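Reading the structure
Read off the chains here:
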Amino acid sequence: SQQGEEDPQALSIQEGENATMNCSYKTSINNLQWYRQNSGRGLVHLILIRSNEREKHSGRLRVTLDTSKKSSSLLITASRAADTASYFCATDMDSNYQLIWGAGTKLIIKP
Amino acid sequence: KAGVTQTPRYLIKTRGQQVTLSCSPISGHRSVSWYQQTPGQGLQFLFEYFSETQRNKGNFPGRFSGRQFSNSRSEMNVSTLELGDSALYLCASSKGQRSGNTIYFGEGSWLTVV
């Protein structure tokens with residue numbers, strides 16, 4: 001079963017605006033990762049945040065993690081058309097190395 | 001270095017046939033995972049191999065099987081294909097030795113069952 005739940009399922013914004021996606025999970029985790037998938041392609045790793053971290057930045061990406069609420073958010077600032085993709089969160093919560101995936105948020109950036 | 005390579009990229013099969021998909025991981029990666037992705041369904045975990053051993057398995061019927069070779073290359077097989085098996089099959093590799101490893105995906109194999 002899916003552990004992560006992304007919210008919203010779909011998001012459409014104008015180029016230049018900021019996009020925020022959320023991920024909630026059910027059990028304690030070791031790490032949470034965000035991946036991007038362009039239509040019909042493989043997934044690309046964006047950022048990993050560990051359970052003892054609260055915020056992490058990478059270029060225009062900002063990820064926060066709130067372990068008390070079991071949730072994470074991904075903020076993309078100054079969005080571009082090339083950011084149009086689906087975004088997935090994945091958690092690993094125990095020692096068997098298996099990642100648990102959310103259903104994804106489909107982001108559309110309108111020019 | 002070369003990324004994860006999946007072959008074939010596209011294939012069409014008939015109901016009842018079987019199919020074998022291949023995955024070559026990044027050099028030095030010993031873990032290979034397989035996922036099924038259907039429209040609107042997200043990623044469904046099939047199985048994961050590490051050093052030729054199946055380490056994890058998802059909730060799929062026995063028609064779905066896989067294996068890993070000594071060079072870490074992996075294959076997955078689906079027997080007695082059903083229309084519902086039409087999907088994008090993704091392979092991913094990682095070093096796999098500890099929690100928090102980044103996994104790297106191939107471009108996937110698009111399977112259409114008619």
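See above for the structure.
Residue positions are given per chain, counting from 1 as you read along its sequence in written order. Throughout, the order in which chains and ligands are written sets their labels, letters from A for the former and numbers from 1 for the latter. Thresholds applied to this predicted model are a pLDDT of at least 70 for local features of residues and 80 or more for the giving and counting of side-chain atom pairs; totals over whole chains, interfaces and linings are not thresholded and use all residues. As a convention, hydrogens and water are excluded, and side-chain values are obtained from all of the structure's heavy atoms.

Details of the overall build of chain A
The cut-off we apply is this: What counts as a helix is a DSSP run of H or I of at least four residues, what counts as a strand is a run of E of at least two, and both are numbered from the N terminus. It is over C-alpha atoms that the radius of gyration is taken, and the globule rule equals 2.2 Å times the number of residues to the power 0.38. Only protein chains enter the accessibility calculation, which uses a 1.4 Å probe; a residue whose area is less than 20% of its type maximum is buried, one above 50% is exposed, and one in between is partly exposed. The contact criterion used is simple: two residues touch if any of their non-hydrogen atoms lie within 4.5 Å.
Looking only at helices and strands, one finds 0 helices and 11 strands in chain A. Reading the helices (α) and strands (β) of chain A from amino to carboxyl end gives β-β-β-β-β-β-β-β-β-β-β. Computed over C-alpha atoms, the radius of gyration of chain A comes to 13 Å, within 12% of the 13 Å expected from 2.2 N^0.38 for 111 residues, which places it in the range of a compact globule. For chain A, the spread of C-alpha atoms along the three principal axes comes to 45 × 30 × 20 Å. Classification of the 111 residues of chain A by burial places 46% in the buried group. For chain A, restricting intrachain contacts to residue pairs at least 6 apart in sequence, the fraction spanning at least 24 positions comes to 55%.

Observations concerning the sheet that holds strand β3 (residues 19-24) of chain A
All names here are of chain A. Rules: Pairing between strands requires that DSSP locate at least two bridges from one strand to the other. In this analysis, axes come from line fits to C-alpha atoms, helices being fitted only over the stretch in contact, and the angle between any two N-to-C directions falls in the range 0 to 180 degrees.
If you trace the 5 strands from one edge of the open sheet to the other, you get β1-β3-β8-β7-β6, paired in antiparallel fashion. With partners counted over all chains shown, the strands left at the sheet margins are β1 (5-7) and β6 (55-58), one partner each. Neighbour-to-neighbour, the strand axes of the sheet open up by a mean angle of 15°, direction not taken into account.

Section: the interface of chain A and chain B
Cut-off, in case you're wondering: In short, buried area is how much 1.4 Å probe accessible area vanishes from two parts on joining, totalled over both. In what follows, salt bridge is the name for a side-chain nitrogen of Lys or Arg lying within 4 Å of a carboxyl oxygen of Asp or Glu. Pairing of N or O atoms within 3.5 Å defines a polar contact, subject to two protein rules: one partner must be a possible hydrogen donor and the other a possible acceptor, and residues neighboring in sequence count only if both atoms are side-chain atoms.
The interface is formed by 21 residues belonging to chain A together with 24 residues belonging to chain B. For the pair chain A and chain B, the summed buried area comes to about 1,700 Å², and 48% of that belongs to carbon and sulfur atoms. Summed over the shared surface of chain A and chain B, the result is 1 salt bridge. With a closest N to O distance of 2.6 Å, Arg41 of chain A and Glu107 of chain B form a salt bridge. For the pair chain A and chain B, the interface holds 6 residue pairs in polar contact (both at pLDDT 80 or more). For the side of chain A that touches chain B, the secondary-structure elements that each account for two or more residues are β4 (31-37), β5 (43-50) and β9 (85-92) of chain A.

Observations concerning the packing of aromatic side chains
Note the threshold: Stacked, tilted and edge-to-face are the three classes assigned to paired rings of Phe, Tyr and Trp, where Trp is represented by its six-membered ring and a pair needs centres within 6.5 Å; plane angles under 30 degrees give stacked, over 60 edge-to-face, the rest tilted.
Within this structure, the stated rule accounts for 8 aromatic pairs over all chains. Ring plane angle 55° and centroid distance 5.0 Å describe the contact between Tyr35 of chain A and Trp101 of chain A, whose orientation is recorded as tilted. Linking Tyr35 of chain A in strand β4 with Trp101 of chain A in strand β10 (residues 100-101), this pair joins segments that are 66 residues apart in sequence. In this structure, Tyr35 of chain A and Trp101 of chain A share a single accessibility class: buried. Aromatic side chains Trp101 of chain A and Tyr35 of chain B sit 5.8 Å apart centroid to centroid with 85° between the ring planes, which places their arrangement in the edge-to-face category. Placement of Trp101 of chain A in strand β10 and of Tyr35 of chain B in strand β4 (residues 31-38) is noted, with the two residues assigned to different chains. Considered together, Trp101 of chain A and Tyr35 of chain B belong to a single accessibility category, that of buried residues. Among the aromatic residues, ring-to-ring pairing joins Tyr35 and Trp101 of chain A together with Tyr35, Phe45 and Phe105 of chain B into one connected group.

Bear in mind that shape data such as this cannot, by itself, settle questions of function.
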